[in-house]
Amino acid sequence: MSDIRKLTFVYLVLLALLALTVGSSSFDLGGFNSALNLVIAAAKAAIIATMFMQLSSGGILPRLAVAATGLWLAILFGLTLIGR
Amino acid sequence: MGASTESVAFDKPAREQAADTFAMWIFIGSEAMLFGAILLVFLIARISYGPAFAAASHHLSLPLGTLNTVVLITSSFSMALAHLFGNRGRWRASTWSLAATALLGLVFLGIKAAEYTMEFREGIAPVLGVPFTYDGPDPVHAEFFFGLYFAMASLHAVHLIGGIVVIAGMLVMWSSATQSSRLRRVRAIGLYWHFVDIVWVFLFPILYLINR
């Protein structure tokens, strides 16, 4: 049953992070609201990927695919933003 | 065919599973490039027309957007349970979890449809040739915001519909499938479903929470 408890805990953490994002948006953080939102979104994505998608226990190949995706996204975003 | 592999290409189930999972992750990577490109367009526009985008964002319904995020996170939880139960051979529980996942996907689409209806009524839906009547500042760039909003939310919804159709198809063919093939399918659709959830995790703050 401990696995079910673990998944439930992950689920509650995700909901707490959502509450944090929505809650933080009602405070003016002087331009840091968007950055905080993106950090929380990245944290949620990382939690979903490692816990629900089992990225941490799935061997090297899935992690390689994720790293390749990250590399290509970095090229896409990096070169576009540099060229502005 | 091997004793417990589905394809003759693999001699061991573990290798087949590794290949399945790797292929799904490469597919997810290609999907991330698709969503990444449109997110990049949004990011550039957001940097260029910040005030117009912030004002336009306030016309979206934060309560409905938040509720939909809860629904989608819950559906991912339910999908993770389907996988867990399947792994333990508890197929009845796994089936119900899968059905709940698809049902929550439908709830998400229903709430999204209600939001779209409100936005069409308000005249802030610059799609399908509907007249755009926006009374806030900088309507030209606000229209760009709503155009991107509809494009991104709809692209996401299309992915969700795809997931629901696949789950429905799996459940229809459930009784005729072997246990190992059921588990294989749950694993694959699970990865896809969680990815669609991750996309929404990013779309929600960038669309709904600009300078609230």
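Looking now at the overall build of chain A. Regarding its fold elements, chain A presents 3 helices and 0 strands. Overall, chain A shows an N-to-C arrangement of helices and strands of α-α-α. In terms of overall dimensions, chain A is more spread out than a globule: its C-alpha atoms have a radius of gyration of 16 Å, far above the 12 Å expected for 84 residues. Dimensions of chain A along its principal axes, counting C-alpha atoms only, are 50 × 40 × 10 Å. Looking at the 84 residues of chain A, the share that counts as buried comes to 21%.

With respect to the helices and strands, the residue K12 of chain B is situated in the segment before helix 1 (13-48). Taking the C-alpha atoms as reference points, K12 of chain B and H83 of chain B, separated by 71 residues in sequence, lie 21 Å from one another.

Turning to the interface of chain A and chain B, a few remarks are in order. If you look at the interface, chain A gives 33 residues, while chain B gives 30 residues. Put simply, the parts of the chain that give the side of chain A that touches chain B at least two residues each are helix 1 (2-24), helix 2 (33-52) and helix 3 (60-82) of chain A. Within the side of chain A that touches chain B, the residues separate by chemical class into 22 nonpolar, 9 polar and 2 charged.

Looking now at the nonpolar core. In a soluble, globular protein the nonpolar side chains are often hidden away together inside. Within the largest apolar cluster, 69 residues are counted, with the highest numbers of intra-cluster contacts made by F145, V199 and L203 of chain B. Broken down by secondary-structure element, the contributors of at least two residues to this core are helix 1 and helix 2 of chain A together with helix 1, helix 2 (50-57), helix 3 (62-87), helix 4 (91-122), helix 5 (139-172) and helix 6 (179-208) of chain B. Broken down by element, this core gets its largest block of residues, 17 residues, from helix 6 of chain B.

A positive phi is found at Q54 of chain A, a non-glycine position, where the angle reads about 55°. Backbone geometry places D138 of chain B, a non-glycine residue, at a positive phi of 50°. Note on placement: D138 of chain B falls in the loop between helix 4 and helix 5. Looking at D138 of chain B, the number of C-beta atoms within 10 Å reads 16, which means it is partly exposed.

Right, let's talk about helix 1 of chain A for a bit. Taking 1.5 Å of rise per residue, the 23 residues of helix 1 of chain A would be expected to cover 33 Å, and the 32 Å separating its terminal C-alpha atoms lies within 8% of that figure. Within the span of helix 1 of chain A, buried status applies to Y11, L14, L18, T21 and V22 of chain A. Of the surrounding elements, those touching the buried residues of helix 1 of chain A are helix 2 of chain A together with helix 3 and helix 6 of chain B.

To continue, consider the domain arrangement of chain A. One can read the domain layout of chain A as domain 1 (1-53) and domain 2 (59-84). The C-alpha-based centres of domain 1 of chain A and domain 2 of chain A are spaced at 22 Å.

Residue and element names in this part refer to chain B. Put simply, chain B has an average pLDDT of 91, and 98% of its residues get 70 or more. Looking over chain B, one finds the lowest element-wise mean pLDDT in helix 2, namely 90, and the highest in helix 3, namely 96. With pTM at 0.93, the complex prediction returns an ipTM value of 0.93.

Residues and elements named next belong to chain A. One way to put it is that helix 1 packs onto helix 2 with a least axis distance of 10 Å and a crossing angle of 170°. With respect to each other, helix 1 and helix 2 are oriented roughly antiparallel. Every residue of helix 2 that contacts helix 1 at V10, V13, L14, L17, L20, T21 and S24 is listed here: N33, L36, N37, I40, A43, K44, I47 and M51. Residue composition of the contact of helix 1 with helix 2, grouped by class: 10 nonpolar, 4 polar and 1 charged.

What counts and how
Residues numbered from 1 in each chain as written. Chains lettered and ligands numbered in written order. Predicted model: local features only at pLDDT ≥ 70, side-chain atom pairs only at ≥ 80, totals over all residues. Helix = DSSP H or I, 4+ residues; strand = E, 2+ residues; numbered from the N terminus. Rg over C-alpha atoms; globule rule 2.2 N^0.38 Å. Buried ≥ 20, exposed ≤ 12 C-beta atoms within 10 Å, placed from the backbone. Contact = placed C-beta atoms within 7 Å. Nonpolar A, V, L, I, M, F, W, Y, C, P; charged D, E, K, R; others polar. Core = buried A, V, L, I, M, F, W, Y, C linked by C-beta atoms within 7 Å. Expected span 1.5 Å × (residues − 1). Domains from an automatic or database assignment. pLDDT = per-residue confidence, 0-100. Axes fitted to C-alpha atoms, helices over the stretch in contact; angles between N-to-C directions. Parallel < 35°, antiparallel > 145°, perpendicular 65-115°, else oblique.

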